[in-house]
Amino acid sequence: MSIYDNIISTIQQSSYKLTPQRETIVKILVENESEHLSAEELYFILKGINPEIGLATVYRTLDIFYDLKILEKITFGNGISKYHLRQKLDNGTHHHLICTKCHNITTISNVIFNKLIQYVNNEYNFEVQDDTIAIYGTCKNCMNEENI
Ligand SMILES: [Zn+2]
Ligand SMILES: [Zn+2]
């Protein structure tokens, strides 16, 4: 089953309706599978496909998809969130390095983080919520700019 079909069937099996708007948003998310999109960025892409869908619908749909665990959400301190598909083509999760200056997101391999999660599990008997680990800081580009 493709990721698209998989998401569609997740929605169909939920208490939410599969509307044409939601189908279109799923399509965009799958096509931009490697990106981390904010609601505004997604809305911008959407406008080129279906100008009738409003930003409020995008926000609501993203909330629903997050609720259904279709999306992973990365929240910045200023209230902006970026989303991407939880289910990656390679089937593995990744973790995020988040630049607090330019909001650029770098994805890193899960190997070290999985060890950390395992350690927290074992030592503290604490179950880590998946995909909540991120490192906030300053990216290479922003550091270079500071040094100019
Ligand atoms: Zn991600
Ligand atoms: Zn940056």
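What comes next concerns the included structure. Worth saying up front: this structure is predicted, and the values here are computed from it rather than measured. (Residues numbered from 1 in each chain as written. Chains lettered and ligands numbered in written order. Predicted model: local features only at pLDDT ≥ 70, side-chain atom pairs only at ≥ 80, totals over all residues. Heavy atoms only, no water.)

Only Cys 99 (SG), Cys 102 (SG), Cys 139 (SG) and Cys 142 (SG) from the protein reach the zinc ion (ligand 2) as donors, at distances of 2.3 Å. Spacing between the donor residues of the zinc ion (ligand 2) along their common chain follows C-x2-C-x36-C-x2-C. With Cys 102 in the loop between β4 (95-99) and β5 (105-108) and Cys 139 in the loop between β6 (134-137) and α6 (140-147), this pair connects stretches of sequence that are 37 residues apart. (Donors = N, O, S within 2.8 Å, 3.2 Å for Na, K, Ca; no water. Helix = DSSP H or I, 4+ residues; strand = E, 2+ residues; numbered from the N terminus.)

As a further point, take the sheet that holds strand β1 (residues 37-38). An order of β1-β3-β2 is seen for the three strands of this open sheet, with the pairing classed as antiparallel. Both outer strands of the open sheet, β1 and β2 (71-75), are each paired with one neighbouring strand and no more. Pairing geometry for β2 and strand β3 (residues 81-85), over five bridges, is antiparallel. From the neighbouring strand, Thr 75 faces β3, where its bridge partner is Ser 81. (Pairing = 2+ DSSP bridges.)

Together, Leu 116, Tyr 119, Tyr 124 and Phe 126 give the surface a local cluster of nonpolar side chains, amounting to about 480 Å² of exposed area. By the secondary structure assignment, Leu 116 is in helix α5 (residues 111-124). Of the residues examined, Leu 116 reaches a relative accessible area of 42% and is grouped as partly exposed. (Patch = residues over 30% accessible without salt bridge, like charges linked within 9 Å, V, L, I, M, F, W, Y side chains within 5 Å. Areas by Shrake-Rupley, 256 points an atom, 1.4 Å probe, with all protein chains shown as cover. Salt bridge = Lys/Arg side-chain N within 4 Å of Asp/Glu carboxyl O. Buried < 20%, exposed > 50% of the residue type's maximum accessible area, 1.4 Å probe, protein only.)

What follows is about the sheet that holds β4. In sheet architecture, strand pairing relies on hydrogen bonds along the backbone and comes in two forms, parallel and antiparallel. With mixed pairing, three strands are arranged side by side in an open sheet as β5-β4-β6. A single partner strand is all that each edge strand has here, and the edge strands are β5 and β6. Going across the sheet, the axis of each strand differs from the next one's by a mean of 20 degrees, ignoring polarity. Two strands pair when backbone bridges link them, and β4 and β5 are joined in this way by four bridges, in the antiparallel orientation. In the sheet register, Ile 98 faces β5, and the bridge partner there is Ile 105. (Axes fitted to C-alpha atoms, helices over the stretch in contact; angles between N-to-C directions.)

So yeah, pure geometry; function would need other evidence.
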